[in-house]
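# Analysis of the macromolecular model
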Amino acid sequence: MSNLDEDGASPSVPGEMSSEIRTSETTQDISPPPSYTETTNFTITSEQNSETRISNGYEQPLESNVVSTANENIQEGALTTTLRTDSDNVRPSRGLWPYDSCVIFACFSCVVGIYNISRFAVLVHVYKACFFVEFIILSCVFGFPFLYLQMALGQYIGSGLTDMWYITPAFKGVGLAMLYLYVLLGVYTSVPISWLFLYFKDSFITTRDTYKWGQCNPKFGLRSCLESRNLSTDAYLGWSVPNYFHGRILGRRPGAHHHREEFNFEITFNLAVIWLLVFIILSRGIRLYGKLTYVIVVVPLSSLLIMSVRMMEVWGNALTELFDVQWKTVLIDSSSWFLAAREVFLTWVLYGGVVLQLCSHNKATSNITRNMAIVGIGGTLTLILSSFFSVCIMKSISARNMTYVPSSYEIEQTIKCLQPSSCSSISGMNSTPINLVIGEKFPSSSGLSVTSGYQVLRLATEIFPSALAVQGVNVISSFWPICFYFMMIIFGLAQITVIWITVVESIIAIKPNILLGWQTVITLTSCTAGFLLGLPMTSTIGIFVLYFMDFCVGSLWWISILYMVMLIAILFIRGRPYGTDQLVTVIARSQSNQIWLLPILTFQWNVVLPVSFMRIQSLCFPAFASANITSGVIGDGANRTSTIGVINTAYEEDPPPKYTPPPSYSSATARMMVHFLNRRHSVMDLATGQSTSLADSPNIASVELVSYEPQPENSVSVVPKCN
């Protein structure tokens, strides 16, 4: 290919050009193939008469007949031809993936992480197999189409979050807002990964055939744990598991909110290790990261598959219970559909800007449909497999006559996560959960106003440690928790890395001519900033900060507004040459496929996606709190009394302002009449030599104005009184 640079990278789209010229693979044959057109860019310098072509920031002279032939090359679906005279603002090289399949693994590590694995496992435990159906249906409705759009848009424009807005400069703030979103996500989602390092280390240590989280920790909740241990042999495990998390991992003390807060050195050190690994992976740019994506995706997937097969061999009968559910009762429950829609948004939509950034490094001939199919199907199967693993873990707990009870992080009395089955006639799972980004909320029925029912990474911090504590080392050897927490760490590290490469590239794209040469320094500086911003969340109050951050981001209403504005700006306001008909030419190679694919994608992208985002925005928008959020028994997914949407308990209704309206027209008229009568009577008194007032006159009725009260007629009453 003659128009490639020495690294084999195809030319990229200038960040300030309004349109492009399409040429073919070779300069000898300028006419593009009928199936696909490749984007190249031309510019004319003001100091020379010969035309030059920009390729990765370098100017290469072109033959004049090439430009003239290219100007004559017009094909349906191609972009309009324009020559640019200012070459200083041309976007420099973005680089290409070292292999075509790198983008598949990068996008997979973006949409599948430890948090949606944990959320999906908890929701499947609550709603059984019905949640599979709801999740897949809604993914096909707006999840997969949006991911498809982001992949096509990134490859077609060849630009990222902040430099793609040369097509509609008025909406450049949307890109900056999305950059702010991913900075928040990268900072606060890295902290729970640092917790997993301690779980991983303590998985090697066993005492008396049990793990550390099977023993009472003296730092937090010790009294309840010891009292329960004196009464029963197994019930104390419901206290020891959260006792280990809050005391050993978070370093909390009883009444810690009354004392000076301290940083947890181990968590701080682990957080520094995470950001150091992120810097090492991103230090050499997209080429080194593209090669490492195979390792950081294949290794945890293999671990998940091995663990799931092993757990299904022992407790595989739990899968039959998973599908033994009253399908009609659950499928008509509006709350289950709402939570499935939230989960689809959190899985496929939340990181859509990252997917766009990753696909901007694709070659022009990359097969988007293949990439989308692998990421979508592979991600869904991974989530289903993780739910199978979680169901088997839950079965191992119930096999010892114990039941999992969702805890709440605030105080010692609400951290219990296990109780005997005989005492769990009404479990915490009876309430409808609220899936946020890194955790879930279970509305509490304890009557305590300080509880939220929130916990981070329930699968890794409560469910799996509970199974290990209940079954012991003799049943579940230490190899499996080592494998599990190693898998979770790699999954989390992969997602943090792919988020942060988007942040680094977006910062560089603001001033590419200046910042591109400082890419390593910017990467180091941004990773250091991410570590420093995460330090408050490593202290004893870190869990409170995480809940606040997760609640703000996990509300989703403002994120859905961002994506809806992005859709409107690109597909409706800007339109051609960046509309659906042009994006289809990138997806479909043959004209016959474009004919039937164009109306389908036009309907999906121009109608279904905006309506879906508007609906999610309306449901997730802060609502006023109300009592009795949910009720009913849902242990088997049936007999549920649900609510539509999620009540946002963080917002309270303010009292209405006091309003005193101005006097009405009738009131003013009455005052004028009284004043006129008083003056007339005074004149008559002066004429007759009398000083009787209007109120004292026996023949004239006095008028009393009544103060304004809201009336249906919105008027003021005038009440006459006769003396």
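Source: prediction; values computed, not measured.

### Observations concerning the overall build of the protein chain
Of regular secondary structure, the protein chain possesses 24 helices and 16 strands. Long-range contacts, defined as pairs at least 24 residues apart, comprise 77% of the intrachain contacts of the protein chain with a sequence gap of at least 6.

### A closer look at the confidence of the model for the protein chain
The predicted coordinates ought not to be read in detail in places where the model reports low pLDDT. In this model, the protein chain carries an average pLDDT of 77, and 70% of its residues clear a pLDDT of 70 or more. Low pLDDT, under 50, characterises residues 1-92; the stretch is placed with 185 contacts to residues that sit more than four places away or in other chains. Note on residues 624-653: pLDDT under 50 across the span, and 66 contacts to partners over four residues away in sequence or across chains.

### Quick look at helix H13 (residues 334-349)
With 16 residues, H13 should reach 22 Å at 1.5 Å per residue; the first-to-last C-alpha distance of 21 Å fits that figure. Summarising burial for H13: 14 of the 16 residues are buried, a large majority.

### Examining the nonpolar core
Counting residues in hydrophobic clusters, the biggest one holds 198 residues, and the most contacted among them are Tyr182, Leu185, Trp195, Tyr289, Phe484, Tyr563 and Met566. Per-element tally for this core: the top contributor is helix H17 (residues 479-510), with 19 residues. Discounting residues that sit within four places of it in the chain, tyrosine 563 has contacts with Phe146, Gln150, Met178, Tyr182, Phe345, Val349, Leu350, Tyr351, Gly352, Gly353 and Phe613.

### Looking at a nonpolar patch on the surface
A contiguous nonpolar patch, built from Val133, Ile137, Val141, Phe323 and Trp327 and spanning about 380 Å² of accessible area, is present on the exposed surface. Looking at the nonpolar patch element by element, the count peaks at three residues for helix H4 (residues 130-157). Along the chain, tryptophan 327 turns up in helix H12 (residues 327-331). What makes tryptophan 327 partly exposed here is its relative accessible area of 30%.

### A word on a positive patch on the surface
Residues Arg284, Arg287, Lys291 and Lys363 make up a contiguous surface patch of positive charge. With respect to the helices and strands, the residue lysine 291 is situated in helix H10 (residues 286-315). Judged by its relative accessible area of 46%, lysine 291 is partly exposed.

### Section: the pattern of salt bridges
Going through the model one piece at a time under the given rule, you end up with nine salt bridges. Linking arginine 248 and glutamate 266 is a salt bridge whose minimum nitrogen-to-oxygen distance equals 2.7 Å. Within this pair, whereas arginine 248 is found in helix H8 (residues 237-249), its partner glutamate 266 is found in helix H9 (residues 265-282), the two being separated by 18 residues in sequence. Its relative accessible area of 13% is what places arginine 248 among the buried residues. Glutamate 462 is the salt-bridge partner of arginine 458, the closest N and O atoms lying 3.3 Å from each other. Residue arginine 458 and its partner glutamate 462 are located together in helix H16 (residues 458-471), separated by four residues, close to a single helical turn. An identical accessibility class is assigned to arginine 458 and glutamate 462; each is buried. A cluster of three or more residues bridged by salt bridges with shared partners is formed by Lys201, Asp202, Lys212, Arg248 and Glu266.

What counts and how
- Residues numbered from 1 in each chain as written.
- Predicted model: local features only at pLDDT ≥ 70, side-chain atom pairs only at ≥ 80, totals over all residues.
- Heavy atoms only, no water.
- Helix = DSSP H or I, 4+ residues; strand = E, 2+ residues; numbered from the N terminus.
- Contact = heavy atoms within 4.5 Å.
- pLDDT = per-residue confidence, 0-100.
- Expected span 1.5 Å × (residues − 1).
- Buried < 20%, exposed > 50% of the residue type's maximum accessible area, 1.4 Å probe, protein only.
- Core = buried A, V, L, I, M, F, W, Y, C linked by side-chain atoms within 4.5 Å.
- Patch = residues over 30% accessible without salt bridge, like charges linked within 9 Å, V, L, I, M, F, W, Y side chains within 5 Å.
- Areas by Shrake-Rupley, 256 points an atom, 1.4 Å probe, with all protein chains shown as cover.
- Salt bridge = Lys/Arg side-chain N within 4 Å of Asp/Glu carboxyl O.
- Lys, Arg positive; Asp, Glu negative; His and termini not counted.
- Charge placed at Lys NZ, Arg CZ, Asp CG, Glu CD.

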